[in-house]
Amino acid sequence: MARNRFDVDETLETPFNIKHLLRAGVYIKRHKQKMILSLVFSAISAACALVGPKLIETALNVAVPNRDYKMLFILAGIMLLSILLSIFFSVKRSRYMTVVGQAIIYDIRKDLFEHLQRLSFQFYDDRPHGKILTRVINYVNSVSDALSNGIINFILEIFNLILIAVFMFMCDVRLSLVVMAGIPLFLIIVLVIKPAQRRAWQDVSNKSSNLNAYLHESLDGMKITQAFTREEENAKIYNNLNTKMYKSWMKAQYTSNLVWFSVNNISTWVVGAMYLVGFSLLGPAVQIGTLIAISAYAWRFWQPILQLSNLYNTFINAVAYLERIFEMIDEPVLVDDAPDATELPPIKGDVTFDDVTFSYDGSINVLEHFNLDVKAGESIALVGPTGAGKTTVVNLISRFYNINSGRVLVDGHDISKVTLHSLRAQMGIMLQDSFIFSGTIMDNIRYGRLDATDEEIIAAAKTVRAHEFISEMPDGYYTQVNERGSRLSQGQKQLIAFARTLLSDPKILVLDEATSSIDAKTERLLQEGLQALLKGRTSFIIAHRLSTIKNCDRILYISNKGIAESGSHDELMEQKGHYYQLYTAQLEE
Ligand SMILES: Nc1ncnc2c1ncn2[C@@H]1O[C@H](COP(=O)(O)OP(=O)(O)OP(=O)(O)O)[C@@H](O)[C@H]1O
């Protein structure tokens, strides 16, 4: 998936490639039985619907002139039965197809979601999330219809076409040839209009994807929008995207209508011509019953042709969508277990950076020849200017990104050679964004350790001083919080995230600005609880408020792609270097 913004169209202009349709066969094959049954039901239903005009012909040409009431009665009975059978099998087919269509959607979405969960931070850093959503929701919807109903309808319409032609020829060969005379003209029109029609529908999906991406971004940033009173400007951007969507839709509809209009016109003209020829031949050559029957077939003959031309369009779009979907399923998992990865055994918590060089984009190094040795149980603080690389250092311990060169070792094990699960399961990470999921507070604390008891959860909350405010909430630990924790203050969110991290009982603890939104009084209380918890664990603490990290065993001042200063608070204060300046500046503040 290309790097992309909300207002940049995705490329859907690849030529029709049957390869994607064949690959989609995997999803269809799982429902082979139901698909075949649907096809059989459709064929029976179509055949039943087609006997009607032939029965009318017999009634008008034979039963009525001979006043054969018994025959008329039997023909009416057969007609009624054929209509009922046609309805019955068509309903059955619809039911089956709904099941198959939904099952295909389910399977593709499942595969997509499982893959999305494995993709690295880097993937999400680069893409508008709205466009990912469009692929998982809209594209999969469109594709599923093409893969289920589309394929069945395609076979069915061809079957219909042949069947109608057979019935028509059984009525009268000459008149049938008149009806078919419009086909070459239709093909010319289709060949001229189709490429434009295909481009127009691809444009619709691009514009709708852009609109979704902007909508998603706007909802995420709504509070900032209102705080900066950007509503008018944003409405303009949205309206612009909306207008583009509207115009692209109208254009696509116009090209589709053109095909529909052409088919209708051609069919009207050929049926008119057939009546002219038919009336001129009326008499012993062509009877009135035959003319009525063949006109009924003539009208129907053009329906499958129109349907097939629409289906062609559906398939063209489906292939383009499938390509996007498979592109995402094939998106390489950049941070993955090595083929021979082993389980990281239970760790003590030693961490080593051995000559590590890292860059996010492959061009500018954030860390260069970075070396660090941390003993199990040590508490390490990372301080330094904004953008120096503190978060990057801790992200590399959890292997959220692959390093360019060097090694990161945990207890002497190179982390690129152990499974991600065994590594991350032994680490407690609290990132800058204390994300809260929708559900109860209890669910949120239990997030990383599903087997934790309520008592353990309450104990963790007490340790991080979250128990008091949680108990005061309307339903205590069972209070429902919204996605992103909109009912909680920033500090409360951080305390819940703290409890969540501590509950997972990690050997290595990473706290990235974990206490930035907690007031000084709560933080003092929290520090007491934390001191006990940090005992026996290796911890990496990033904090801009230096009072919170004063007691750490070692403080690293990160700047210039490496460690500029290292030592305890007292040692660094004595050095009177960067840390000293930072600390005294904060004291003065
Ligand atoms: N996902 C990313 N993609 C590309 N560059 C990034 C990414 N994340 C961070 N950077 C860049 O890497 C550098 C180090 O960022 P990092 O977040 O590690 O700094 P930091 O010291 O933690 O900053 P802060 O104190 O502001 O949190 C910065 O120049 C930043 O622009």
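Rules behind the numbers
- Residues numbered from 1 in each chain as written.
- Predicted model: local features only at pLDDT ≥ 70, side-chain atom pairs only at ≥ 80, totals over all residues.
- UniProt positions renumbered as here; feature names shortened; annotations may be inferred.
- Pairing = 2+ DSSP bridges.
- Helix = DSSP H or I, 4+ residues; strand = E, 2+ residues; numbered from the N terminus.
- Axes fitted to C-alpha atoms, helices over the stretch in contact; angles between N-to-C directions.
- Contact = placed C-beta atoms within 7 Å.
- Buried ≥ 20, exposed ≤ 12 C-beta atoms within 10 Å, placed from the backbone.
- Near = placed C-beta within 6 Å.
- Nonpolar A, V, L, I, M, F, W, Y, C, P; charged D, E, K, R; others polar.
- Expected span 1.5 Å × (residues − 1).
- Core = buried A, V, L, I, M, F, W, Y, C linked by C-beta atoms within 7 Å.

- As annotated in an unreviewed UniProt entry, the protein chain carries the name ABC transporter ATP-binding protein/permease and is attributed to Hominenteromicrobium mulieris.
- Checking UniProt for the protein chain, the heading Subcellular location (unreviewed entry) contains the comment "Cell membrane".

## Let's talk about the sheet that holds strand β3 (residues 379-383)
Alright, step 1. With respect to topology, six strands assemble into an open sheet ordered β6-β9-β10-β3-β11-β12, the strand pairing being mixed. The open sheet has two free edges, formed respectively by β6 (427-430) and β12 (562-567), since each of these has just one partner strand. Adjacent strand axes in the sheet meet at a mean angle of 15 degrees when their direction is disregarded.
Alright, step 2. Its contacts with the sheet place helix α19 (residues 578-588) against β3, β11 (554-559) and β12, and it is angled at close to 100 degrees to β11.

## What to know about the environment of Tyr360
Alright, step 1. Secondary-structure assignment places Tyr360 in the loop between β1 (351-359) and β2 (365-374).
Alright, step 2. Residue Tyr360 is classed as partly exposed on the basis of its 14 C-beta neighbours within 10 Å.

## Focus: the site of the ligand
Alright, step 1. As a matter of local geometry, the ligand sits amid Asp125, Tyr360, Asp361, Val366, Gly384, Thr386, Gly387, Ala388, Gly389, Lys390, Thr391 and Thr392.
Alright, step 2. In terms of residues, the shell around the ligand owes the most to one element, helix α11 (residues 390-397), which gives three residues.
Alright, step 3. For the shell around the ligand, the per-class residue count stands at three nonpolar, six polar and three charged.

## Things to note about the UniProt feature "transmembrane region" (unreviewed entry) in the protein chain
Alright, step 1. UniProt feature "transmembrane region" (unreviewed entry): in the numbering of this structure it lies at residues 35-52, 72-91, 151-169, 175-193 and 254-275.
Alright, step 2. Regarding residues 35-52, the helix share stands at 100% and the strand share at 0%, and the terminal C-alpha atoms are separated by 27 Å.
Alright, step 3. Annotation note: span residues 175-193, helix share 89%, strand share 0%, distance between end C-alpha atoms 29 Å.

## Focus: the sheet that holds strand β5 (residues 413-414)
Alright, step 1. An order of β2-β1-β4-β5 is seen for the four strands of this open sheet, with the pairing classed as antiparallel. Two strands lie at the open edges of the sheet, namely β2 and β5, each paired on one side alone.
Alright, step 2. Here β1 runs beside β2; their pairing, made up of six bridges, is antiparallel. Pairing of Thr352 across the sheet is with Asp373, part of β2.
Alright, step 3. Here α11 sits on the sheet and contacts β1, β2 and β4 (405-410); the angle it forms with β1, its principal contact strand, is near 120 degrees.

## Focus on helix α9 (residues 231-281)
Alright, step 1. Spanning 51 residues, α9 covers 73 Å between terminal C-alpha atoms, matching the ideal 75 Å at 1.5 Å per step.
Alright, step 2. Within the span of α9, buried status applies to Leu241, Ala252, Val259, Ser262, Val263, Ser267, Val270, Val271, Met274 and Gly278.
Alright, step 3. Looking at the buried residues of α9, the elements they touch are α6 (173-180), α7 (183-220) and α10 (288-329).
Alright, step 4. Just past α9, the residue Gly283 takes up positive phi, approximately 140 degrees.

## Here's the deal with the pairing of strand β9 (residues 508-512)
Alright, step 1. Counting buried residues in β9 gives five out of five residues, a clear majority hidden from the surface.
Alright, step 2. Of the two faces of β9, the one lined by Ile508, Val510 and Asp512 and the one lined by Leu509 and Leu511 are each fully buried.
Alright, step 3. Relative to β9, β6 runs parallel, the two sharing four bridges. Across the sheet, residue Met430 finds its bridge partner in β9, namely Leu511.

## Digging into the nonpolar core
Alright, step 1. With 65 residues, the main nonpolar core has Ala381, Leu382, Ala499, Val510 and Ile555 as its most contacted residues.
Alright, step 2. Ranked by residues supplied to this core, first place goes to helix α16 (residues 490-503) with seven residues.
Alright, step 3. Setting aside residues up to four positions removed in sequence, Ala381 forms contacts with Ile541, Ala543, Ile549, Cys552, Ile555 and Leu556.
Alright, step 4. Core analysis: the second largest hydrophobic core is formed by 48 residues, Ile108, Ile164, Trp302 and Met328 among them.

## Topic: the environment of Ser205
Alright, step 1. Along the chain, the position of Ser205 falls in helix α7.
Alright, step 2. The class of Ser205 is buried, set by 22 C-beta atoms lying within 10 Å.
Alright, step 3. Sequence separation of Ser205 and Lys535 is 330 residues, and the distance between their C-alpha atoms is 55 Å.

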